[in-house]
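Close look at the chain arrangement
Given next are the chains, with one letter for each unit.
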Amino acid sequence: MPAEDLDIEDPTHPTKKKALRWKRKTRVLILCSRRVDYRSRHLSKNLMRLLPHSKGDSKFDRKRGLTDINDMAEIKNCSKVLYFESHKLKDVFLYMNDTHIGVSAVFLLHNVCTMEELKLTGNCLKSSRAVLSFGAQFDREPHLRLFKELFVSVFSTPVAHPKSQPFIDHVFTFTLVDDKIWFRNYQILPEQAGLAEVGPRMVLEPVKIFDGSFTGEVIYKNPLYRTPNALRRFEKLQKQKKSYNRLVEHIATKTKKKKRAALFNFDQDADFIFEDN
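First things first, this report covers the structure right here in the doc.

Rules and cut-offs
- Residues numbered from 1 in each chain as written.
- Predicted model: local features only at pLDDT ≥ 70, side-chain atom pairs only at ≥ 80, totals over all residues.
- Heavy atoms only, no water.
- Helix = DSSP H or I, 4+ residues; strand = E, 2+ residues; numbered from the N terminus.
- Buried < 20%, exposed > 50% of the residue type's maximum accessible area, 1.4 Å probe, protein only.
- Contact = heavy atoms within 4.5 Å.
- Areas by Shrake-Rupley, 256 points an atom, 1.4 Å probe, with all protein chains shown as cover.
- Phe/Tyr/Trp six-rings, centres within 6.5 Å; stacked < 30°, edge-to-face > 60°.
- Core = buried A, V, L, I, M, F, W, Y, C linked by side-chain atoms within 4.5 Å.
- 1 Å grid on protein atoms, 1.4 Å probe; cavity = no way out; pocket = protein on both sides within 12 Å on 5 of 7 lines; lining within 4 Å.
- Points joined across faces, edges and corners; volume = space filled by probe spheres on them.
- Nonpolar A, V, L, I, M, F, W, Y, C, P; charged D, E, K, R; others polar.
- Polar contact = N/O pair within 3.5 Å; in protein donor to acceptor, adjacent residues only side chain to side chain.
- Pairing = 2+ DSSP bridges.
- Patch = residues over 30% accessible without salt bridge, like charges linked within 9 Å, V, L, I, M, F, W, Y side chains within 5 Å.
- Salt bridge = Lys/Arg side-chain N within 4 Å of Asp/Glu carboxyl O.

1. Notes on the overall build of the protein chain
Within the protein chain, the regular secondary structure consists of seven helices and eleven strands. Within the protein chain, buried positions represent 40% of all 277 residues. Considering only intrachain contacts with a sequence separation of at least 6, the fraction spanning at least 24 residues in the protein chain is 62%. Summing over all exposed atoms, the protein chain offers an accessible surface of approximately 17100 Å²; the carbon and sulfur share of this is 53%.

Right, dumping it as structure tokens:
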């Protein structure tokens, strides 16, 4: 039962007092599609541990349609959604949306590393709040400012959330490098005045922005984005081109050797060997 629904008449009660301070009652629904790879599944679990205001759900069937996720979020009383969708058991897309605002963004995941794989020295307490750090590039372009607002609404833990701790000991960093957004999680070390990476890691390549929740018109499309199928097809053609060039060179070499052998007639040109001096 939520803390604000408890039947406590005394307003000085710690639980009731904390519930009264909890104003921004936002929750994040985190779920995956069927046939998602193990790394993305573990990544979703890591995010659920880092975000105390998150909720999980069972795997979603892509045949139902993305708009059904809005109903699932409403049932779970969530206003934000993080949805990991797997394509061909190779590519994973991240849908991030705000059902209240009605804006959703699609990212292609690269270089995903979970906390279990990294085994870094950093460590942060469970249910603690995080500081969000953004690069200066996020204030220059309109679509980057929209990404920043989405990240703040999803990854920032509401103040006085019943499941959160009242202290801050780690920081989420979002950096733009090569037109991709790099996500890192660091522990704050006050004694050493430094940072220690905790994990997980992931790189987000922007694809599209829709003006609706999992639907609507495309208001931004990344001009530098290439589909994974197109990249794989290009690599395959490059390999075929190398194999073809190698075959042509081999045939040309054999042809040259045959021409050299035909130019030298052993019966006529080698008679000088057997001549008497």
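Past the structure itself, the notes keep going.
2. Focus on the environment of Lys208
Structurally, the position occupied by Lys208 is in strand E10 (residues 201-210). Taking the relative accessible area as the measure of exposure, Lys208 reaches 28% and is therefore partly exposed. Considered as a pair, Lys208 and Tyr225 are 17 residues apart in the sequence and their alpha carbons are 9.4 Å apart.

3. Quick word on the packing of aromatic side chains
Across all of its chains, the model carries 15 aromatic pairs by this definition. Centroid distance Tyr83 to Tyr95: 5.8 Å. Interplanar angle 40°. Geometry classified as tilted. Taken as a pair, Tyr83 in strand E3 (residues 80-87) and Tyr95 in strand E4 (residues 91-98) lie far apart in primary sequence, twelve residues in all. In this structure, Tyr83 and Tyr95 share a single accessibility class: buried. One aromatic cluster in this structure is built from Phe107, Phe134, Phe138, Phe147, Phe151, Phe155, Phe172, Phe174 and Phe183.

4. Describing the nonpolar core
Ranked by size, the top nonpolar core spans 38 residues in total, and within it Phe151 and Phe155 carry the most contacts. Beyond its immediate sequence surroundings of up to four residues, Phe155 is in contact with Leu47, Leu51, His53, Met96, Leu132, Phe172, Phe174 and Phe183. By size, the runner-up hydrophobic cluster in this structure holds 17 residues, among which are Met72, Ala73, Val106 and Val207.

5. So, the layout of surface pockets
Looking at the largest pocket, its volume works out to about 280 Å³. Lining the largest pocket are 15 residues, with Lys90, Asp91, Val92, Leu109 and His110 sitting closest to its centre. At the level of elements, helix H2 (38-50), E4, strand E5 (103-113) and helix H6 (228-263) are the ones that each hand at least two residues to the lining of the largest pocket. In terms of residue class, the lining of the largest pocket is made up of six nonpolar, three polar and six charged.

6. A closer look at the environment of Ser127
The residue Ser127 is located in the loop between helix H4 (115-118) and strand E6 (129-134) in this model. Sequence separation between Ser127 and Pro162 is 35 residues; the distance between their C-alpha atoms is 9.8 Å. Excluding anything up to four places from it in sequence, Ser127 contacts Arg49, Pro52, Lys163, Ser164 and Gln165. At a separation of 3.2 Å, a polar atom in the side chain of Ser127 contacts the main-chain carbonyl oxygen of Lys163.

7. A word on the side chain of Ser79
Here Ser79 shows up in the loop between helix H3 (68-75) and E3. The residues touching Ser79, leaving out its near neighbours within four places in the chain, are Thr26, Arg27, Asn97, Asp98, Thr99 and His100.

8. Concerning the pairing of E5
E5 sits mainly inside the fold: eight of its eleven residues count as buried. Sheet topology places E4 next to E5; six bridges connect them, and they run antiparallel. The partner of Asn97 across the bridge, within E5, is Ser104. Between E4 and E5, which pair antiparallel and follow one another directly, the connecting turn spans four residues, one of which, Gly102, has a positive phi of 85°. By the bridge criterion, eight bridges tie E5 to E10 in an arrangement that is antiparallel.

9. Brief notes about unusual backbone geometry
Gly199 connects to Pro200 through a cis peptide bond whose omega is 0°. Mapped onto the elements, Pro200 comes out in the loop between strand E9 (194-197) and E10. Although it is not a glycine, Asn111 sits at a positive phi angle of roughly 50°. Mapped onto the fold, Asn111 is located in strand E5. In the Ramachandran plot, Ala193 falls in the positive-phi region, its phi being about 55° despite a non-glycine side chain. Note that Ala193 resides in the loop between strand E8 (180-189) and E9.

10. Structural notes on a nonpolar patch on the surface
A cluster of nonpolar side chains, Val131, Ile168, Ile188 and Leu195, forms an exposed patch at the surface whose accessible area comes to about 310 Å². Along the chain, Ile168 turns up in strand E7 (residues 168-177). For Ile168, a relative accessible area of 44% puts it in the partly exposed group.

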